[in-house]
Every structure is written in structure tokens, then in C-alpha cells.
Amino acid sequence: MKLVGLVLLAVTARAVAEPACKPGDSAATCKPLCDKGSQASCAVLGILHLQGIDGKVDHAQAERLLQRACTAKIALGCGGLGSYYGAVKKDWKRARPLLEQGCTMGDALACESIGGIINGADPALPRPKDLAAAARESFPFYKRACDLGSPSGCGFAAVFITDKLVAGTAKQALELYMKACSGGMAIACRLGAALLVRKDPEAKALAASLDATRLIADLLQRGCTLGDQPSCSAKP
């Protein structure tokens, strides 16, 4: 094998084997790995500084670490930096390109945040004049967030389909509600159940193709367990 090929293999193996902390790990776990050059660990550590380590929030350190990770093409670094500029500094113009970069690289929350920007979710953002147009623009971002594991992304995408703001079938909406419900979005469980008792022909046909009574009961029970009180009082 040529020398260049051997070098590439060695670099690839080292990158794959590089230890890194994960979201949910402590600062004590992430800092040594970040100090050794793990940019993924620096991204997690940056998020921890935003949340507060030992009760202390350090925005300057968070920004530095997230910028470093983003420059190294770490999705969480770009997404986290975008969230910092948007949610903390209210500089949404600066935030959006970073969130788009993070979303493209696979950060689910970054995708979801772009949907929020389009729909004016933050008081500092203008409310869209055309809600249907905003739904159409934001739907691909919520759907990508869903595909990347965001229950909220699935829930928003399902609502847009159910409300006929974007193209899609009742079956697709139900699948998204169920995915959101399984991921812990309580209201999505109830909305999925509500879809199955609608009287329009498409919803009725969908319900007829399923064991709707049992599925509705399961969805409401799951919603109730997750803390959605209307699910607890709703009758299957």
C-alpha cells in the first residue's frame, strides 16, 4: 500500500477512536477530553457553561468553546453557538446561519430552532404575516429535526399536516404524532388520538384500517403518564 494511503488510514482510525464526552456527561468528564483536543467534547462543555457549572454560567467561555467546535465542523458546536446568539444575545440574524449549519450537519435542536425563527417563536422575533407560508417554509426543518430524533420536531410536522398547511396524509400525520408521543411529547399523544376520531373521510378510513379503539386508549394513557392532564380525562 502506498505511503499516502497508510497515512490516511492512520488519521481515519485515530479520528474514529478519539474519545469524546456526550450530552448528559459532566463537566469533569468533558473538560479533560476537550483539553486533549476533542472538539465534540468542547461543544458539550460549551453547552454546560451556558447551563451553568456548579451554579455559575460562563457565556464567554461557552462562546469560545462552541466557536472552536463549530470551526472544527461539530454540529453541536454550530447549533449551540447559534442558540447562544439567538436565545441569549437576541441576535437572530447572526444566529440563523449557524443554526442552519448545525442543522445540515445533524443537530436536531438547530433544525427545530430554525422552525421557531420562521414562526416567530421568540418575543424578539417578528410574527409571520402569513402563517401558512411560514408553516410551509419551516416544515422541512421540523421534519429534519424529527428524523434526527426530536419529538417536538415530529409533533410540529404532524400539526402542519393535520391542519392542511402542508401536503401530507392522515397516516403520515399519525405516524409523526406517534413518534413524538413515543419520544415524550405528551400533547402529541392526545393529538394523535384526536386524529383518529375525526369525522372527515380520510381520518375515518385511517381509523377503520387500524385497531383504533385500542390505539386511542394507548395514546391517551401514554399522554396521561407523561403529564398531559387532558389525556387523563379524555375518554377513548
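Quantities reported herein were computed from a predicted structural model and do not represent experimental measurements.

What counts, and where the lines are drawn
Residues numbered from 1 in each chain as written. Predicted model: local features only at pLDDT ≥ 70, side-chain atom pairs only at ≥ 80, totals over all residues. Heavy atoms only, no water. Axes fitted to C-alpha atoms, helices over the stretch in contact; angles between N-to-C directions. Helix = DSSP H or I, 4+ residues; strand = E, 2+ residues; numbered from the N terminus. Parallel < 35°, antiparallel > 145°, perpendicular 65-115°, else oblique. Left-handed = near helix turned anticlockwise from the far one by under 90°. Contact = heavy atoms within 4.5 Å. Buried < 20%, exposed > 50% of the residue type's maximum accessible area, 1.4 Å probe, protein only. Lys, Arg positive; Asp, Glu negative; His and termini not counted. Salt bridge = Lys/Arg side-chain N within 4 Å of Asp/Glu carboxyl O. Core = buried A, V, L, I, M, F, W, Y, C linked by side-chain atoms within 4.5 Å. Disulfide = S-S within 2.5 Å. Polar contact = N/O pair within 3.5 Å; in protein donor to acceptor, adjacent residues only side chain to side chain.

Chemist: Teacher, can you tell me more about the packing of helix H9 (residues 151-162) against helix H10 (residues 170-182) here?
Modeler: Relative orientation of the contacting elements H9 and H10 amounts to 155°, with a least axis distance of 8 Å. Here H9 lies roughly antiparallel to H10, going by the angle between them. Helix-helix and strand crossings are classified by hand; for H9 and H10 the assignment is left-handed. Contact residues: H9 offers Pro151, Cys154, Gly155, Ala157, Ala158, Val159, Ile161 and Thr162, while H10 offers Gln172, Ala173, Leu176, Tyr177, Lys179 and Ala180.

Chemist: I keep staring at unusual backbone geometry and nothing clicks. Help me out?
Modeler: Most peptide bonds take the trans form, and the phi angle of most residues other than glycine is negative. Positive phi outside glycine occurs at Asp54, with the angle close to 55°. Within the secondary structure, Asp54 sits in the loop between helix H3 (39-51) and helix H4 (59-71). Owing to a relative accessible area of 81%, Asp54 belongs among the exposed residues under this scheme. Backbone geometry at Lys73 places phi at a positive 65°, although glycine is not the residue there.

Chemist: Got a minute to help me understand the side chain of Glu112 in this structure?
Modeler: Take Glu112: it is sitting in helix H7 (residues 108-118). The side chain of Glu112 sits in the buried core without any salt bridge; Lys179 is the nearest counter-charge, 12 Å away. Residues within four places of Glu112 in sequence aside, it is in contact with Phe141, Tyr142, Ala145, Ser150, Ser152 and Gly153.

Chemist: It is not clear to me how the nonpolar core should be interpreted in this structure. Could you clarify?
Modeler: What tends to happen in soluble globular proteins is that the nonpolar side chains get buried as a cluster. Judged by nonpolar contacts, the single largest core of 30 residues is most densely connected at Leu176 and Leu196. Elements with a minimum of two residues in this core: helix H8 (131-147), H9, H10, helix H11 (186-195), helix H12 (201-208) and helix H13 (212-225). A total of seven residues in this core trace back to one element, the largest contributor, which is H10. Setting aside chain neighbours within four positions, we find Leu196 in contact with Leu174, Leu206, Ala207, Leu210, Leu215, Ile216 and Leu219. Residues Cys103, Cys111, Ile117 and Ile118 belong to the second largest nonpolar core, which totals 19 residues.

Chemist: Help me understand the pattern of salt bridges in this model?
Modeler: Pairing between side chains of opposite charge can happen when the charged atoms of each approach one another. One pass over the full model with this rule turns up nine salt bridges. Of the charged contacts, one joins Lys31 and Asp35 as a salt bridge, the two residues approaching to 2.9 Å between their closest N and O atoms. Of the two residues, Lys31 and Asp35 both sit in helix H2 (residues 27-35), four residues apart, roughly one turn of that helix. Judged by its relative accessible area of 42%, Lys31 is partly exposed. Here the salt bridges do not stand alone but share partners, grouping Arg96, Glu100 and Glu137 into one network.

Chemist: What exactly am I supposed to notice about the state of the cysteines here?
Modeler: Tallying each qualifying case throughout the model produces seven disulfides. With a sulfur-sulfur separation of 2.1 Å, Cys70 is cross-linked through a disulfide to Cys78. Because the torsion about its S-S bond is 95°, the bridge between Cys70 and Cys78 counts as right-handed. What pairs with Cys181 in a disulfide is Cys189, and their sulfur atoms sit 2.1 Å apart. On the sign convention where negative is left-handed, the bridge of Cys181 and Cys189, at about 100° about the S-S bond, is right-handed. A relative accessible area of 4% means that Cys181 is categorised as buried. In this structure Cys189 comes out as buried when scored by relative accessible area, which is 0%.

Chemist: Just to check I follow, could you spell out the side chain of Asp228 for this structure?
Modeler: Structurally, the position occupied by Asp228 is in the loop between H13 and helix H14 (229-233). Here the side chain of Asp228 touches Arg190 through a polar contact of 2.7 Å, side chain to side chain. A distance of 2.5 Å separates a polar atom in the side chain of Asp228 from a polar atom in the side chain of Ser231. Discounting residues that sit within four places of it in the chain, Asp228 has contacts with Ala186, Ile187, Arg190 and Gly223.

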